[in-house]
Amino acid sequence: MTADDSYGRLDDDDYPAYTMGRAADMLGTTPAFLRALGEHRLITPLRSEGGHRRYSRYQLRIAARARELVDQGTPIEAACRIIALEDQLEEAQRINAEYHRAAQTPTAA
């Protein structure tokens, strides 16, 4: 990948642009917290060629939500489950809205 290719991917929410240390700094947490989120399968960072964890902006938003819940006193296991359920609910609502739009669209006779 050339430098020009890399710059174009910086707008991609799923591009693993952040090292563990940088991600932890951005979230105001520790690398151990990020590893714990991985152990609970909330986020799965990609690995660099050297085997280092790399995080995307999307994963950082999920980690920030987990940190918010943990800071409020929620155990990390429960925080991970809450976030997974929130994600499932959001997806179900999106699908439901699509069904409603399709049902309201008149079909050609």
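In what follows, the accompanying structure is described. Each chain carries its own residue numbering, running from 1 in the written order of its sequence. Local features are withheld for residues below a pLDDT of 70 in this predicted model, meaning they are given only at 70 or higher, and side-chain atom pairs are given and counted only at 80 or more; totals for whole chains, interfaces and linings count all residues. With hydrogens and water stripped out, all remaining heavy atoms of the structure feed into the side-chain values.

A closer look at the layout of surface pockets
Taken as a whole, the largest pocket holds about 280 Å³ of empty space. As defined here, a cavity is a set of points on a 1 Å grid over the protein atoms alone where a 1.4 Å probe fits but cannot get out. A pocket is an open set with protein on both sides within 12 Å along at least five of seven lines, and residues line them when an atom is within 4 Å of a point. Around the largest pocket, the lining residues are Leu42, Tyr58, Arg61, Ile62, Arg65, Ile83, Ala84, Glu86, Asp87 and Glu90. Strands are runs of DSSP state E lasting at least 2 residues, helices are runs of H or I lasting at least 4, and numbering of each runs from the N terminus. Within the residue set of the lining of the largest pocket, elements represented by two or more residues are α4 (57-71) and α5 (76-104). No other element matches α5, which puts five residues into the lining of the largest pocket. Grid points are joined across faces, edges and corners, and a volume is the space filled by probe spheres set on the points.

Observations regarding the packing of helix α3 (residues 31-39) against α4
Here the axes come from fitting lines to C-alpha atoms, over the contacting stretch only for helices, and the angles between their N-to-C directions go from 0 to 180 degrees. Direction vectors running N to C along α3 and α4 enclose 105 degrees, while the axes themselves pass 11 Å from each other. Taken together, α3 and α4 sit at an angle that is classed as roughly perpendicular. Every residue of α4 that contacts α3 at Phe33, Leu34 and Leu37 is listed here: Ala63, Ala66, Arg67 and Val70. The cut-offs work like this: below 35 degrees is roughly parallel, past 145 is roughly antiparallel, 65 to 115 is roughly perpendicular, and the gaps in between are oblique. Only heavy atoms enter the contact rule, under which two residues are in contact if any of them lie within 4.5 Å.

Focus on the pattern of salt bridges
Within this document, salt bridges are pairs made up of a side-chain nitrogen of Lys or Arg and a carboxyl oxygen of Asp or Glu, the two lying within 4 Å of each other. Tallied over the entire structure, the rule returns seven salt bridges. With a closest N to O distance of 2.5 Å, arginine 94 and glutamate 91 form a salt bridge. Here glutamate 91 and arginine 94 lie together in helix α5, a separation of three residues that amounts to about one turn. Three exposure classes are used, based on accessible area relative to the maximum for each residue type with a 1.4 Å probe and protein chains only: buried under 20%, partly exposed in between, and exposed over 50%. Residue arginine 94 is classed as partly exposed on the basis of its relative accessible area of 38%. Overlapping salt bridges, with partners in common, bring together Asp13, Arg57 and Arg61 in one network.

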